[in-house]
Amino acid sequence: MDRRPFIKLGIFGLLAIKAKLSLADAWYQFNFSQSKQGYLNRIQTIKKSGILPIIDVESSYNPTHFDPEDFVRTMDRLGIAQSCLSLDSPRGGPTWSDAGNQLAIQFPAYFIPTGNGGIYPAWTSSPQKFLDENIRNIVQQKIPLMGEFEFRHYPSPRQVGGNTNRDVDIPLDGPLGHGLFAFSEKTGIPFQIHYEIEDGLLGPLEKMLSQYPNAKVIWCHFAQIRYSSRSSIYSPEYLGDLLDRHKNLYVDTAFGGPKSIYPLSGEPHARYWANQNAWNKLIISRPYRFLAALDLAGDRMGMFEGWTQRLREILNGLPEKTAEIVAYKAAWKILFNEDIA
Ligand SMILES: [Zn+2]
């Protein structure tokens, strides 16, 4: 008896089951060509009202304490065109959550889907599982950006004297870093890292940028140095040189205000304010490498208005053309690989 038809049926059957399974898995898929017009309309509407539209490339939220209607109303009021809002995995919850997709479904013109935030507890307690799950879902759902992965993060100001679960130290050039950089290298999908600015951490970063020249890396908080004694190399000149040597590196503008002090060191959070002219010169010379960001999070949603004002102060200090690029054009380009008028 010729068994081949049965074998063929078996293979087709398996393929059909596989297709059905992957359809069920990928219940949501981001489609840029469908979302694009909505994004552009919002950008145009905000422009017409005389306000510079902003794409916030880096913020996060806690889905258990979040009012989406209130958030989008605030976006309207403050001229935030789109938000890349990554979800902070809830304590005791699953490694990956699709909750962020609901925002993009409910308010498609407001949100650019972003992977889950690589923070405590999901990332720090089972980092490989978190990375694998992120990669699987990012691919299946065609999500254009991966949220902030904390590699080196000091305790947050709100944790001083209390919890230390934001004190994260994962080698950037270890297996997890290689997994993340290699994924971005292969797919072109950008990812954000939180990586404190320290002399000893610059070498591994440069090594990874060289080894993965097509990985798109957004190094968050470009002027945030919390201990000057640990950072003697980083300066506008150094960053300019680094950006020239590594075309795959981007930075974002989320950092503390001029009066913000990091309580553990007693030093200013951000070095931008003390040397604004030099930093602005750097931004003007390489505007597409600087991305506007607010760094909102579940524990600081109340800062939305104040931090937007601070970001606008930075943008207002730049020439109009540069400000437009940093505010939304650079984000558009890195996320969607196209220029926006
Ligand atoms: Zn961060």
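See above for the structure.
The structure displayed is predicted, hence computed values, not measured ones.

Bringing the nonpolar core into the picture now. Of all hydrophobic cores here, the largest spans 105 residues; its most connected members are Phe 111, Trp 219, Phe 222 and Leu 239. A total of eleven residues in this core trace back to one element, the largest contributor, which is helix H12 (residues 320-336). Apart from the residues within four sequence positions on either side, Leu 239 is in contact with Phe 222, Tyr 234, Val 251, Trp 279, Leu 282 and Phe 290.

Our focus in this paragraph is the side chain of His 221. Its location among the elements puts His 221 in the loop between strand E6 (217-219) and helix H9 (236-245). A residue is classified by how much of its surface remains accessible, and His 221, at 4% relative accessible area, is buried. Ignoring sequence-local partners within four residues, the contact set of His 221 consists of Glu 58, Glu 148, His 194, Ile 197, Asp 252, Ala 254 and Asp 295.

With that settled, consider helix H8 (residues 199-211). The complete set of buried residues in H8 reads Leu 201, Leu 202, Pro 204, Leu 205, Glu 206, Met 208 and Leu 209. Where H8 is buried, its residues contact strand E3 (146-153), helix H7 (175-187), strand E5 (191-195), E6, H9 and strand E7 (249-252).

This brings us to the coordination of the zinc ion. A four-donor tetrahedral metal ideally has 109.5 degree angles, and a six-donor octahedral metal ideally has angles of 90 or 180 degrees. At this site the zinc ion is bound by Glu 148 (OE), His 194 (ND1) and His 221 (NE2), with donor distances of 1.9 to 2.2 Å. Mapping the donors of the zinc ion onto the primary sequence yields the spacing E-x45-H-x26-H. Residue Glu 148 is found in strand E3, and its partner His 221 is found in the loop between E6 and H9; the two are separated by 73 residues along the sequence. His 221 matches Glu 148 in its accessibility class, with the two residues each being buried.

Bringing the pattern of salt bridges into the picture now. Following the criterion strictly, the structure yields 18 salt bridges and no others. The salt bridge partner of Arg 245 is Asp 241, with a shortest N-O separation of 3.1 Å. Of the two residues, Arg 245 and Asp 241 both sit in helix H9, four residues apart, roughly one turn of that helix. A residue is classified by how much of its surface remains accessible, and Arg 245, at 42% relative accessible area, is partly exposed. In this structure, Asp 295 engages Arg 300 in a salt bridge whose closest nitrogen and oxygen atoms are separated by 3.2 Å. Overall, Arg 300 belongs to the buried group, its relative accessible area being 11%.

Before going further, it helps to examine the packing of H8 against H9. The angle between the axes and the distance between the axes are what describe a pair of packed helices. Close contact between H8 and H9 brings their axes to 11 Å; oriented N to C, the two are set at 20°. The angle between H8 and H9 falls in the class roughly parallel. As for how H8 packs across H9, the hand of that crossing is right-handed. Residues Leu 202, Leu 205 and Glu 206 of H8 lie in contact with H9, whose contacting residues are Tyr 238, Leu 242 and Arg 245.

Conventions we followed
- In this convention, every chain numbers its residues from 1, walking through the sequence in written order.
- At least 70 in pLDDT is required for a residue's local features to be given in this predicted model, at least 80 for side-chain atom pairs to be given and counted, and no such filter applies to totals for whole chains, interfaces and linings, which use all residues.
- The side-chain values count all of the structure's non-hydrogen atoms but skip hydrogen atoms and water molecules.
- Take the buried Ala, Val, Leu, Ile, Met, Phe, Trp, Tyr and Cys residues and link them wherever side-chain atoms come within 4.5 Å; each set so joined is a nonpolar core.
- Exposed residues in this analysis have more than 50% of their type's maximum accessible area, buried residues have under 20%, and partly exposed residues fall in between, with area computed by a 1.4 Å probe over protein chains only.
- Secondary structure elements follow DSSP: runs of H or I no shorter than four residues count as helices, runs of E no shorter than two count as strands, and numbering proceeds from the N terminus.
- Whether two residues touch is decided by their heavy atoms; if any such pair falls within 4.5 Å, the residues are in contact.
- The rule for donors is simple: an N, O or S atom within 2.8 Å of the metal counts, and for Na, K and Ca the reach is 3.2 Å. Water is not among the atoms, so a site may look short of donors.
- For this document, the term salt bridge refers to a Lys or Arg side-chain nitrogen within 4 Å of an Asp or Glu carboxyl oxygen.
- For helices, the fitted line uses only the C-alpha atoms of the stretch in contact; every axis is such a line through C-alpha atoms, and the angle between N-to-C directions lies from 0 to 180 degrees.
- When describing relative orientation, an angle under 35 degrees is termed roughly parallel and one over 145 degrees roughly antiparallel, while 65 to 115 degrees is termed roughly perpendicular and anything else oblique.
- By convention the crossing between two helices is left-handed if the near helix lies anticlockwise of the far one by an angle smaller than a right angle, and right-handed if it lies clockwise.

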